There are 2 protein chains.
Amino acid sequence: MPRLVMKFGGTSVADLARIKNAAEKVRAEVERGYDVIVIVSAMSGKTNELVGWVREISPLYDAREYDAVVASGEQVTSGLMALTLQEMGVDARSWQGWQVPVKTTSAHGIARIEEIPSDNLDQKFDEGMRVAVVAGFQGISPEGRITTLGRGGSDTTAVAFAAAFDAERCDIYTDVDGVYTTDPRVSPKARKLNRIAYEEMLELASLGAKVLQTRSVELAMRYKVRLRVLSSFEDVTDASGTLVCDEEDIMESNVVSGVAFSRDEAKMTLLAVEDRPGVAAAIFGPLAAAGINVDMIIQNISEDGLTDMTFSCPVDEVERARVALKQATETGQIAYKELKADTDVAKVSIVGIGMRSHAGVASQMFSALRDHGVNIQVITTSEIKVSVLVDRKYLELAVQALHDTFDLDKAG
Amino acid sequence: MPRLVMKFGGTSVADLARIKNAAEKVRAEVERGYDVIVIVSAMSGKTNELVGWVREISPLYDAREYDAVVASGEQVTSGLMALTLQEMGVDARSWQGWQVPVKTTSAHGIARIEEIPSDNLDQKFDEGMRVAVVAGFQGISPEGRITTLGRGGSDTTAVAFAAAFDAERCDIYTDVDGVYTTDPRVSPKARKLNRIAYEEMLELASLGAKVLQTRSVELAMRYKVRLRVLSSFEDVTDASGTLVCDEEDIMESNVVSGVAFSRDEAKMTLLAVEDRPGVAAAIFGPLAAAGINVDMIIQNISEDGLTDMTFSCPVDEVERARVALKQATETGQIAYKELKADTDVAKVSIVGIGMRSHAGVASQMFSALRDHGVNIQVITTSEIKVSVLVDRKYLELAVQALHDTFDLDKAG
């Protein structure tokens, strides 16, 4: 029988009524003839409660014990979902990560899935099981201990199962009804996309559109898993949600598919850095070692052998970045005149695979921002994306202006 | 190093402060030189919450899924306890039932422990681990699924580990400071026993003294595990709690060690039953099949080929017993004139291994009850116990009278 993976996030299984609602969607797919693998998250709020306990006991907790505690949340949901399906007459059973088994690395708290042998589930499907409810977000290490994949890891679990079991599609049920051209709270003209390419979704996900975890999209792209994002609170039709798929499956690509943004950015500038080979490595090495997520990097033209180096990072990492850079000066790795931090900036990006074949998109973006009086502080570009750093107060204005400029309210 | 098993019940690990309190008792034993196996229950209230969800979904739930859901409670405590011990500088780690592994039967919800291979824990102890925190109440079936041992199963887990790892003692920490001659709420003169024999504890446990699960005492007796029951809310000294041990370890046995009672009893009488060989089997077969816990059984003298049959059972099983008996008459298995049920009775028992060598104990009991005007409805006796069924309103009076008669307020 064809197979389908269906993943339900925390808000979609927040209580017994919602679990029942989700189970009804599963039953509908079983009746359509699918064998289904359901991936469940912990009931909304549970993971936070468990994580809170662990942190209260020990700020420097043992990640192995963290995993044992936190993985229990998905275990509960998996059993409750299996029971709910059984009550509806569907042959279902629960599987914990270690039972499947979902083999992961030993990197507790941020483990990566290495292999999902299909024998156990295949056998049960052959024996008549119609639904395997799998606890998401978790696996088992080579040492036989429970691992977790990090926040949002259930999306990754879902895609990995879709790949391992050759599923026709991987449906991610969440509390939004799809991927939008931008955040509807910022632009009322935002429109749901019917299809979006993996590459675009990847840029949108990493830019702060919190619909799908970045790793799950990467995995889907690598294994060509067709991902559908849809709401668990609406009736499902063929037009529901947004399909994240291969570029080739999208008839007519938009030049720009969406406007993404991130509010919590900071801009840091090192003034009068000695401009010599290896200076970039000397600066960004210590920052990487300190776990700072450096995003955009700009190096100004050199003058008198000195240059200014600007980079952006999440605003809550500014203090740690400052400490790391100070230590690097103390050990003589780098030297600079002054370190300036602007914690009042935001990043706005346009994303679209059509940019590859259309020239002038960046220039059109800059003109639109200029026409609205938005000053651009930093620019970076990639093949399918242009990002700018702007004063945070211009964020909404910039997003709306770009949404209009690229006609994102009209179907492409 | 010598080994100790310490078990903490739900109220002893109800929140992080109590888990810390329990962890301090564990650390003290580690400092005394023990390698410790800690068995934990779910945080108080958690199991009820989980069971409530399962029952709400399905009254006739799949016991395998019930087990997957419910076992998560102990998993959480095991991780939190391990983290708390680590924070105190103690080398500890958590173990789930399937990791040890605790091999059980496949009787989900009421599984029995079949084997606990010691290799995994032994290896870690050899490598320097000082405390293994094991999730109580659970194991793994031959099919690789999570099983639970039934309510109170953490006591059984603790004793099974003490036997498998040859522990010097098994300390059961709970919310009472030991085993009493009777319930202090009924008799203010109740006194804590320093030692009690397995056989006595077994009779007390099955008679409703809810300190230890019956199965755990049976297991302790079979493997000669020295069990100590003590409070987790008091400082521990050598005189703490009550030691449940072999008869031979008790210098001077009391004739009577305690007065046990059970409030929720019912007495059922079948009038004018045909007195023929096999009639008892014809009556109690269907009751056993219906899961009725028949306790005392009395058959009156036969007259004209007819007899009356009386038995007691828990009061909340009366209706089911009535249905089972009615069905048995409809199929012609049995015939009787009338079925009477008295749901207003209580059982009072005296227990003591000294009875074996002392005659006249039962007679002394009956005299004391008569002197206080308590009418006895049914009597049963065993080697170390005499039980009577009385009108429920006499329960407190009977317990206090017997406590006085056998001088239980004085150390034996």
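Residues numbered from 1 in each chain as written. Chains lettered and ligands numbered in written order. Predicted model: local features only at pLDDT ≥ 70, side-chain atom pairs only at ≥ 80, totals over all residues. Heavy atoms only, no water.

A. Quick peek at the UniProt feature "binding site: ATP" (unreviewed entry) in chain A. Residues and elements named next belong to chain A. Here the UniProt-annotated "binding site: ATP" (unreviewed entry) positions come out as Lys-7, Phe-8, Gly-9, Gly-10, Thr-174, Asp-175, Tyr-180, Arg-185, Lys-210 and Val-211. The annotated residues occupy 205 residues of the chain and do not converge on a single region, their most distant C-alpha atoms lying 25.4 Å apart. Mapped onto the elements of the fold, Asp-175 is located in the loop between strand E9 (169–174) and strand E10 (195–197). Here the side chain of Asp-175 touches Thr-174 through a polar contact of 3.1 Å, side chain to side chain. With respect to the element layout, Tyr-180 can be found in the loop between E9 and E10. Taking the relative accessible area as the measure of exposure, Tyr-180 reaches 26% and is therefore partly exposed. Excluding residues that lie within four positions of it along the chain, Tyr-180 makes contacts with Ala-190, Arg-191, Lys-192 and Leu-193. Of note is the side chain of Tyr-180, whose polar atom sits 2.9 Å from the side chain of Asp-177. (UniProt positions renumbered as here; feature names shortened; annotations may be inferred. Helix = DSSP H or I, 4+ residues; strand = E, 2+ residues; numbered from the N terminus. Polar contact = N/O pair within 3.5 Å; in protein donor to acceptor, adjacent residues only side chain to side chain. Buried < 20%, exposed > 50% of the residue type's maximum accessible area, 1.4 Å probe, protein only. Contact = heavy atoms within 4.5 Å.)

B. The arrangement of the domain arrangement of chain A in detail. Here chain A is partitioned into domain 1 (3–175) and domain 2 (259–405). Computed over C-alpha atoms only, the centres of domain 1 of chain A and domain 2 of chain A are separated by 38 Å. (Domains from an automatic or database assignment.)

C. Up close: the environment of B:Ala92. Secondary-structure assignment places B:Ala92 in strand E3 (residues 92–95). You can call B:Ala92 buried: its relative accessible area is 4%. Sequence-distant contacts of B:Ala92, defined by excluding residues within four places in its chain, comprise A:Glu65, B:Ala82, B:Leu85, B:Gln86 and B:Val131.

D. Geometry of the packing of aromatic side chains. As enumerated under the stated definition, the model contains 9 aromatic pairs over all chains in all. An angle of 20° between the planes, with centres 4.8 Å apart, marks the rings of B:Phe8 and B:Tyr173 as stacked. Of this pair, B:Phe8 sits in strand E1 (residues 3–8) while B:Tyr173 sits in strand E9 (residues 169–174), and the two are 165 residues apart along the sequence. The class for B:Phe8 is buried, based on a relative accessible area of 0%. In this arrangement the basic side chain of A:Arg93 is found over the ring face of A:Trp95, its NZ or CZ atom lying 3.6 Å from the centre. (Phe/Tyr/Trp six-rings, centres within 6.5 Å; stacked < 30°, edge-to-face > 60°. Lys NZ or Arg CZ within 6 Å of the ring centre and 35° of its normal.)

E. Highlighting helix H2 (residues 46–57) of chain B. Look at H2(B): 17 Å from first C-alpha to last across 12 residues, which is about the 16 Å you get at 1.5 Å a residue. When H2(B) is considered as a whole, its buried residues turn out to be B:Thr47, B:Leu50, B:Val51, B:Trp53, B:Val54 and B:Ile57. Summarising the axial view, the buried residues of H2(B) lie within an arc of 155°, below the 170-degree limit, and thus occupy one face. Against the buried residues of H2(B) lie helix H1 (16–31), helix H2 (46–57) and helix H4 (72–87) of chain A together with helix H3 (63–70) and helix H4 (72–87) of chain B. (Expected span 1.5 Å × (residues − 1). Arc of directions from axis to C-beta.)

F. Fine view of the sheet that holds strand E3 (residues 92–95) of chain A. All names here are of chain A. Strand order in the open sheet formed by 8 strands is E3-E6-E2-E1-E9-E11-E12-E10, and the pairing between neighbours is mixed. Two strands close off the open sheet at either side, each with one partner strand: E3 and E10. In this sheet, adjacent strand axes meet at a mean angle of 20° when their direction is disregarded. Note: strand E11 (residues 227–231) against strand E12 (residues 242–245), 3 bridges, orientation antiparallel. Paired with Arg-228 across the two strands is Leu-243, which belongs to E12. Its contacts with the sheet place H4 against strand E1 (3–8), strand E2 (35–40), E3 and strand E6 (131–135), and it is angled at close to 165° to E6. (Pairing = 2+ DSSP bridges. Axes fitted to C-alpha atoms, helices over the stretch in contact; angles between N-to-C directions.)

G. A look at the interface of chain A and chain B. Contacts between chain A and chain B engage 37 residues on the former and 38 residues on the latter. Approximately 3,100 Å² of surface area, both sides summed, lies buried where chain A meets chain B, with 65% of it carried by carbon and sulfur atoms. If you sort the residues of chain A by the area they bury against chain B, A:Ile57, A:Leu83 and A:Trp98 come out on top, with a joint share of 20%. There are 2 salt bridges connecting chain A and chain B. Residues B:Glu49 and A:Lys46 are paired through a salt bridge, measuring 3.9 Å at the closest nitrogen-oxygen approach. Between the two partners, chain A and chain B, sit 10 residue pairs in polar contact (both at pLDDT 80 or more). (Buried area = accessible area lost by both parts, 1.4 Å probe. Salt bridge = Lys/Arg side-chain N within 4 Å of Asp/Glu carboxyl O.)

H. Highlighting the packing of H4(A) against H3(B). Where H4(A) contacts H3(B), the two axes come as close as 7 Å, and the packing angle between them is 160°. With respect to their mutual orientation, H4(A) and H3(B) come out roughly antiparallel. Of the two possible hands of crossing, H4(A) and H3(B) adopt the one that is left-handed. The residues of H3(B) that touch H4(A), namely those facing A:Gln75, A:Val76, A:Gly79, A:Leu80, A:Ala82, A:Leu83 and A:Gln86, are B:Glu65, B:Tyr66, B:Ala68 and B:Val69. Looking at the contact of H4(A) with H3(B) residue by residue, the classes come out as 7 nonpolar, 3 polar and 1 charged. (Parallel < 35°, antiparallel > 145°, perpendicular 65-115°, else oblique. Left-handed = near helix turned anticlockwise from the far one by under 90°. Nonpolar A, V, L, I, M, F, W, Y, C, P; charged D, E, K, R; others polar.)

I. Quick peek at the nonpolar core. Counting residues in hydrophobic clusters, the biggest one holds 40 residues, and the most contacted among them are A:Val5, A:Ile37, A:Leu121, A:Phe161, A:Cys170, A:Met201 and A:Leu212. At the level of elements, E2, helix H5 (119–126), E6, helix H6 (153–164), E9, helix H7 (198–206), helix H8 (214–223) and E11 of chain A are the ones that each hand at least two residues to this core. In this structure, A:Phe161 is in contact with A:Val5, A:Ile37, A:Ile39, A:Val100, A:Val102, A:Ile116, A:Leu121, A:Val134 and A:Asp166, ignoring residues within four places of it in sequence. Core analysis: the next-biggest nonpolar cluster, separate from the first, contains 39 residues, B:Phe125, B:Leu202, B:Leu204 and B:Ala260 among them. (Core = buried A, V, L, I, M, F, W, Y, C linked by side-chain atoms within 4.5 Å.)

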